[in-house]
Amino acid sequence: MLRQTSRLRGLAKPVLVFAACWLVGHPRGATAQGIAANEAVVRRCADDLWNKHKRRSIPGCYTADHISHTNGVTSPRKGLSGESDAMAELLNTWPDIKHTSDAVLVSGDYVTARWRMSAHNARTEKRVDSNGITIFRLVHGKFAADWTPFATMPLIMAREKVPDGAQ
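Residues numbered from 1 in each chain as written. Predicted model: local features only at pLDDT ≥ 70, side-chain atom pairs only at ≥ 80, totals over all residues. Heavy atoms only, no water.

The helix and strand tally for the protein stands at five helices and seven strands. Starting at the N terminus, the α and β elements of the protein follow one another as β-α-α-α-β-β-α-β-β-β-β-α. At a minimum sequence separation of 6, the contacts of the protein that also span at least 24 residues come to 57%. Accessible surface for the protein amounts to roughly 9800 Å². Of this, 57% is attributable to carbon and sulfur atoms. (Helix = DSSP H or I, 4+ residues; strand = E, 2+ residues; numbered from the N terminus. Contact = heavy atoms within 4.5 Å. Areas by Shrake-Rupley, 256 points an atom, 1.4 Å probe, with all protein chains shown as cover.)

See the structure below:
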């Protein structure tokens with residue numbers, strides 16, 4: 001069973017649902033309640049962590065042995081301390097970061113979220129808008145692993161300080 005929610009319009013929505021169903025199929029033992037619960041975990045954690053900036057929510061969202069794979073990062077983040085350190089660094093650089101989940105697809109213990117983020121760089125004051133997807137593997141209602149490919153160029157460009165008077 002697959003549950004899909006989205007703000008996508010037109011043909012993109014049915015194509016996305018068809019592709020997801022074709023790729024992942026019907027997971028054995030998945031129930032409507034389990035699918036709804038997994039989607040709720042992703043939405044709640046995204047809101048607590050990336051909109052409300054609640055670092056204290058990390059233990060409620062991640063397993064102790066969690067591993068996070070993100071493009072542009074040389075080695076995966078591991079455990080609760082790895083997530084806490086990454087969040088502290090991110091909020092130090094992008095203190096007003098806001099996150100929106102545009103689509104959430106659930107297949108058993110795997111949840112894929114297509115998201116957008118916006119923020120201003122604390123040093124350069126440049127605004128950045130980026131987007132990506134994260135694939136989560138949940139265990140007992142927490143993130144055990146995730147994979148996040150996303151557009152890194154806007155983040156790199158926003159880090160660069162433009163000299164005064166330059167355009």
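Back to the text.
With that settled, the discussion passes to the state of the cysteines. Here the structure, examined in full by the defined rule, presents one disulfide. Note on cysteine connectivity: Cys 45 is disulfide-linked to Cys 61, with sulfurs 2.2 Å apart. In this structure, the disulfide formed by Cys 45 and Cys 61 twists by about -100° around the S-S bond and is classed as left-handed. Pair noted here: Cys 45 is in helix α2 (residues 32–51) and Cys 61 is in helix α3 (residues 58–61), with a separation of 16 residues, a long-range link. (Disulfide = S-S within 2.5 Å.)

Turning our eyes to something else, we now look at the packing of aromatic side chains. Evaluation of the coordinates by the stated rule reveals two aromatic pairs. Consider the rings of Tyr 62 and Phe 143, whose centres lie 5.3 Å apart with planes at 75°: the pair is edge-to-face. Of the two residues, Tyr 62 sits in strand β2 (residues 62–70) while Phe 143 sits in strand β7 (residues 142–148), which places them 81 residues apart along the sequence. Just as Tyr 62 is buried, Phe 143 falls in that class too. (Phe/Tyr/Trp six-rings, centres within 6.5 Å; stacked < 30°, edge-to-face > 60°. Buried < 20%, exposed > 50% of the residue type's maximum accessible area, 1.4 Å probe, protein only.)

What follows concerns the nonpolar core. Across soluble globular proteins, you tend to see nonpolar side chains buried next to one another. Counting 23 residues, the largest nonpolar core has Leu 49, Val 111, Phe 136 and Phe 143 as its most contacted members. Only α2, α3, α4 (79–93), β4 (98–107), β5 (110–120) and β6 (127–139) provide two or more residues apiece to this core. (Core = buried A, V, L, I, M, F, W, Y, C linked by side-chain atoms within 4.5 Å.)

Let us look at the side chain of Ser 118. The residue Ser 118 is located in strand β5 in this model. According to the relative accessible area criterion, Ser 118 is buried, its value standing at 18%. In contact with Ser 118, other than residues within four places in its own chain, are Asp 96, Ile 97, Lys 98, Arg 127, Val 128 and Asp 129.

What follows covers the pattern of salt bridges. Any two side chains of opposite charge can pair, on the condition that their charged atoms come close. Under the criterion given, the structure shown has seven salt bridges. Across the pair Lys 52 and Asp 48 runs a salt bridge, and its minimum N-O distance is 4.0 Å. The exposure class of Lys 52 is partly exposed, given its relative accessible area of 47%. For Asp 48, a relative accessible area of 11% puts it in the buried group. When the shortest N-O distance is used, the salt bridge between Arg 114 and Asp 102 registers 3.4 Å. One end of the pair, Arg 114, is in strand β5; the other, Asp 102, is in strand β4, and twelve residues separate them in sequence. Through salt bridges with shared partners, one network takes in Asp 47, Asp 48 and Lys 52. (Salt bridge = Lys/Arg side-chain N within 4 Å of Asp/Glu carboxyl O.)

Most of β4 is tucked away, with eight of its ten residues classed as buried. Here β4 pairs with β5 via nine bridges, running antiparallel. Within β5, the position partnered with Leu 105 by the bridge is Thr 112. Taken together, β4 and the strand that follows it, β5, pair antiparallel across an intervening segment of two residues, in which Gly 108 is found at a positive phi of about 65°. (Pairing = 2+ DSSP bridges.)

This is a description of form; function is not addressed.
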